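Descriptive structure summary
The lines below spell out each chain.
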Amino acid sequence: MKRAIAAAFLLAALLPASSGNATDLHRFWEQTCGDCHRHAGPFARRSLTVTDGKLQGVHHKDDLLVFLHNHHLPENLVQPMYEMLLAQASTAPRFQERCGRCHESAADLVRESLVVRDGVLQGRESGRPVAQFLPRHAKLGLTPEEVIFFTDLLTRVEREVH
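Report follows, based on the coordinates.

**Points about unusual backbone geometry**
- In this model, Arg38 sits at a positive phi of 55°, which is unusual for a non-glycine residue.
- Structurally, the position occupied by Arg38 is in the loop between helix 2 (25–37) and helix 3 (40–47).
- Unlike most non-glycine residues, Asp118 shows phi in positive territory, near 55°.
- Here Asp118 lies in the loop between strand 3 (114–117) and strand 4 (120–123).
- Note on Asp118: relative accessible area 81%, which makes it exposed.

See below:
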């Protein structure tokens, strides 16, 4: 337990958390929380619920933010991690279902291939907006609603990793 706490603080100290360089929340989760809780998305959907827009744990219904603060998270990551888990608990695993055959995770895809330029999520190399690219990507046959869903999801993940 003490090693996990020490590792969390060491990792937080090593990862930038200023407004210009945000901590990669997914990488932090993988390196700090993943040993016990595995991947954040499945953990959030399995172990957390959303009631009236508020994230609740099985044992921590009214004080999940306090719990997160006391559970290996540095102060500057409590709110961002809460928001990430809230989004994941509120989102069906459609990325894994539709894209998982080719892409390990949304976070990996974003880290490797996507960037926001002028407020638009784009391919890092091509510069093409994701919303224009997705309708014809890998012959998935995405509906307009699915294009919006995946563009919004990847944009959120981009904020969480960059």
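So much for the structure itself; the text now carries on.
**Overview of the pattern of salt bridges**
- Enumeration over the complete set of coordinates arrives at 7 salt bridges.
- In this structure, Glu145 engages Arg94 in a salt bridge whose closest nitrogen and oxygen atoms are separated by 3.2 Å. In this pair, Glu145 sits in helix 9 (residues 144–161) while Arg94 sits in helix 6 (residues 94–99), placing the two residues 51 residues apart along the sequence.
- We note a salt bridge from Arg156 to Glu160, for which the minimum N-O separation is 2.8 Å. You can see Arg156 and its partner Glu160 sitting in helix 9, 4 residues apart, about one turn around the helix. Neither Arg156 nor Glu160 differs from the other in exposure class; each is buried.
- Three or more residues joined by partner-sharing salt bridges are found here, namely Asp24, Arg27, Glu30, Asp108 and Arg111.

**Digging into the nonpolar core**
- Of all hydrophobic cores here, the largest spans 19 residues; its most connected members are Trp29, Met81 and Leu85.
- Contributing elements (two or more residues each) for this core: helix 2, helix 3, helix 4 (64–69) and helix 5 (75–89).
- Element by element, the count of residues in this core is highest for helix 5, at 7 residues.
- Among residues more than four places away in sequence, those in contact with Met81 are Leu25, Phe28, Trp29 and Leu73.
- Among the nonpolar cores identified, the runner-up in size contains 18 residues, and Ala107, Leu134, Leu154 and Val157 belong to it.

**Overview of the packing of aromatic side chains**
- This structure, assessed with the given rule, holds 2 aromatic pairs.
- Their ring planes at 40° and their centres at 5.4 Å tell us that Trp29 and Phe43 sit as a pair that is tilted. With Trp29 in helix 2 and Phe43 in helix 3, the pair connects residues that are 14 residues apart, well separated along the chain.
- Both rings, one in Phe149 and one in Phe150, keep their centres 5.0 Å apart while their planes meet at 80°; by these two values the pair is edge-to-face.
- By relative accessible area, which is 17% here, Phe149 ends up buried.
- On the basis of relative accessibility, which here comes to 2%, the residue Phe150 falls in the buried class.
- When the ring centre of Phe149 is taken as reference, the NZ or CZ atom of Arg94 above it lies at 3.9 Å.
- Over the ring of Phe150 we find Arg94, and its NZ or CZ is 5.8 Å from the ring centre.

Reading guide: rules and limits
Residues numbered from 1 in each chain as written. Predicted model: local features only at pLDDT ≥ 70, side-chain atom pairs only at ≥ 80, totals over all residues. Heavy atoms only, no water. Helix = DSSP H or I, 4+ residues; strand = E, 2+ residues; numbered from the N terminus. Buried < 20%, exposed > 50% of the residue type's maximum accessible area, 1.4 Å probe, protein only. Salt bridge = Lys/Arg side-chain N within 4 Å of Asp/Glu carboxyl O. Core = buried A, V, L, I, M, F, W, Y, C linked by side-chain atoms within 4.5 Å. Contact = heavy atoms within 4.5 Å. Phe/Tyr/Trp six-rings, centres within 6.5 Å; stacked < 30°, edge-to-face > 60°. Lys NZ or Arg CZ within 6 Å of the ring centre and 35° of its normal.

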